[in-house]
Number of protein chains: 2
Amino acid sequence: MKGADMRAALFDVFGTVVDWRSGVARDVGKFLERHAIKGIEPEAFADAWRERYSPAMEEVRAARRAFVPLDRLHFENLLATLGGFGIASQDFPEAELRELNRAWHRLDPWPDAINGLTRMKAKMIIAPLSNGNVSLLLNMAKRAALPWDAILGAELVQAYKPDPEAYLRTASLLDLPPGEIVMVAAHNGDLAAARACGMRTAFVARPTEHGPDQTTDLRPEQEWDHVAADFESLARQWAA
Amino acid sequence: MKGADMRAALFDVFGTVVDWRSGVARDVGKFLERHAIKGIEPEAFADAWRERYSPAMEEVRAARRAFVPLDRLHFENLLATLGGFGIASQDFPEAELRELNRAWHRLDPWPDAINGLTRMKAKMIIAPLSNGNVSLLLNMAKRAALPWDAILGAELVQAYKPDPEAYLRTASLLDLPPGEIVMVAAHNGDLAAARACGMRTAFVARPTEHGPDQTTDLRPEQEWDHVAADFESLARQWAA
């Protein structure tokens, strides 16, 4: 399948476009050092913070809670994660914790991301379809020079992936049939949900998203429409 | 006032960034010629079509009608405008009328717009805050190479300007206080509404938006925070 008949490519962001683990660990490390907190690996803190991500969204997906933007879930999860490491969040000014929470706005792209996106942008609409909120994705894009055509995602459609509404309402905002949209992700589950909504799928493995010992999403688990080693390679496939 | 403390610039689009009258007249002219319809000036048709714009949105603003995207209002207004010129819309395939309706997606920017926007983009977030729907603004931006950081507007916040919610909910999506946002428009009314919501204001006159005999919005009607002859001049002010 060629790229010629695809009108838009939508991208998962955390893990697929940016390296959340290193970025969060970097800011957590500074926080721990500033407060002379010893004995906690910043990467372990980042993993523990991220572990609360999916359960927090599940409350919204299961309609046990009204939609709230990811910044808010991240902040609640930060307080819980601090507690889990025996750190009393009340000991810190709220403004400092809010700033630490914005570590998720300051993530660096994988080395191939910007070149690949820039090349794809010449052929089609490119936009995030992320669970991150608009300001998070926009601040991230400005800092890292991600060349998005638009900022799309969960906040605009008030639904968290893999809820089908997250994909279908985004297609509706683009006024495109799902079959003219390709979802790009490093996560098989995200692609399975996009495919169930009629979107095309592209898998790009990010084997160190979760660190050197990652065991999940190392390879495609279905016959995705496109599989590439990185974004530059995917862009070359679509240009062919 | 300098640009240094402004985090985002939001732009009215129809009239301020793009020349809707010439663009719509161009596509209407092709339609009339294709069907050998004589005696109608394409510009007069564009004006008549546009005249129905504000009353149609007013139905939504006054809550007499649920929010619908502008593409839909434009299409209803196209049928009514055809009727107003004695043209029976039923005589044409719906697909052709839908395509004509997308004239609003194919508008050209004023000559200074792209250079000015590109310069502003290096300093702050730039995005449309338009009554146009997302796909309209995105298709327009791709065609004309408008360098937006994000596509914002009425559809995302389900409110048409000058309803205060259109400005306030957009500020909320950006997670910025209105005072760190500047609204840029060629229309005094748009700026008055933005100012009432706490936003800063920048007026750029577009004296031929409505053609050579324009009588409205030729000059600033309040002491706006910034006044400039065009986008390049505004960008220079903000860089100073």
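Note: the structure precedes this text.
Residues numbered from 1 in each chain as written. Chains lettered and ligands numbered in written order. Predicted model: local features only at pLDDT ≥ 70, side-chain atom pairs only at ≥ 80, totals over all residues. Heavy atoms only, no water.

### Regarding the overall build of chain A
Okay, so step 1: Within chain A one finds 11 helices and six strands.
Okay, so step 2: Radius of gyration (C-alpha) of chain A: 18 Å, near the 18 Å computed for a compact globule of 240 residues.
Okay, so step 3: By residue count, 57% of the 240 residues in chain A fall in the buried class.
Okay, so step 4: Sequence separation of at least 24 residues holds for 67% of the intrachain contacts in chain A that already meet a minimum separation of 6.
Okay, so step 5: Taken as a whole, chain A presents about 9800 Å² of accessible surface, with 51% of it coming from carbon and sulfur.
Okay, so step 6: Counting 28 positive and 34 negative side-chain charges, chain A places the centres of these two groups 4 Å from one another. (Helix = DSSP H or I, 4+ residues; strand = E, 2+ residues; numbered from the N terminus. Rg over C-alpha atoms; globule rule 2.2 N^0.38 Å. Buried < 20%, exposed > 50% of the residue type's maximum accessible area, 1.4 Å probe, protein only. Contact = heavy atoms within 4.5 Å. Areas by Shrake-Rupley, 256 points an atom, 1.4 Å probe, with all protein chains shown as cover. Lys, Arg positive; Asp, Glu negative; His and termini not counted. Charge placed at Lys NZ, Arg CZ, Asp CG, Glu CD.)

### Considering the pairing of strand β5 (residues 200–204) of chain B
Residues and elements named next belong to chain B.
Okay, so step 1: Burial analysis of β5 places five of its five residues in the buried class, the great majority of the element.
Okay, so step 2: The side-chain alternation of β5 yields two buried faces, one formed by Arg-200, Ala-202 and Val-204 and the other by Thr-201 and Phe-203.
Okay, so step 3: Bridge count between strand β4 (residues 181–185) and β5: four bridges; the pairing is parallel. Among the inter-strand pairings, Val-182 is bridged to a residue of β5, identified as Arg-200.
Okay, so step 4: Regarding topology, helix α10 (residues 188–196) serves as the crossover connection from β4 to the parallel β5, and that connection is right-handed. (Pairing = 2+ DSSP bridges. Right-handed = clockwise from strand over helix to strand, strands pointing away.)

### Thoughts on the interface of chain A and chain B
Okay, so step 1: Taken together, the contact pairs 20 residues of chain A with 20 residues of chain B.
Okay, so step 2: Between chain A and chain B, the buried area comes to about 1700 Å², and carbon and sulfur atoms account for 56% of it.
Okay, so step 3: The tally of links between chain A and chain B comes to two salt bridges.
Okay, so step 4: Of the charged contacts, one joins Asp149(B) and Lys142(A) as a salt bridge, the two residues approaching to 2.7 Å between their closest N and O atoms.
Okay, so step 5: At the boundary of chain A and chain B, one finds eight residue pairs in polar contact (both at pLDDT 80 or more).
Okay, so step 6: Elements that contribute at least two residues to the side of chain A that touches chain B include exactly α7 (134–144), α8 (154–157) and α9 (164–174) of chain A.
Okay, so step 7: Ranked by residue count, the leading element in the side of chain A that touches chain B is α7(A), at five residues.
Okay, so step 8: Looking at the side of chain A that touches chain B, its residues break down into 10 nonpolar, two polar and eight charged. (Buried area = accessible area lost by both parts, 1.4 Å probe. Salt bridge = Lys/Arg side-chain N within 4 Å of Asp/Glu carboxyl O. Polar contact = N/O pair within 3.5 Å; in protein donor to acceptor, adjacent residues only side chain to side chain. Nonpolar A, V, L, I, M, F, W, Y, C, P; charged D, E, K, R; others polar.)

### Considering the relation of the copies chain A and chain B
Okay, so step 1: Once chain A is rotated about the relating axis by 180° and shifted along it by 0.0 Å, it coincides with chain B to within an RMSD of 0.0 Å. In the structure described here, the two chain copies are related by an operation that fits a two-fold rotation axis. Within chain A, Ala150(A) has its C-alpha nearest the rotation axis, a separation of 2.3 Å. (Least-squares fit on C-alpha atoms with pLDDT ≥ 70 in both.)

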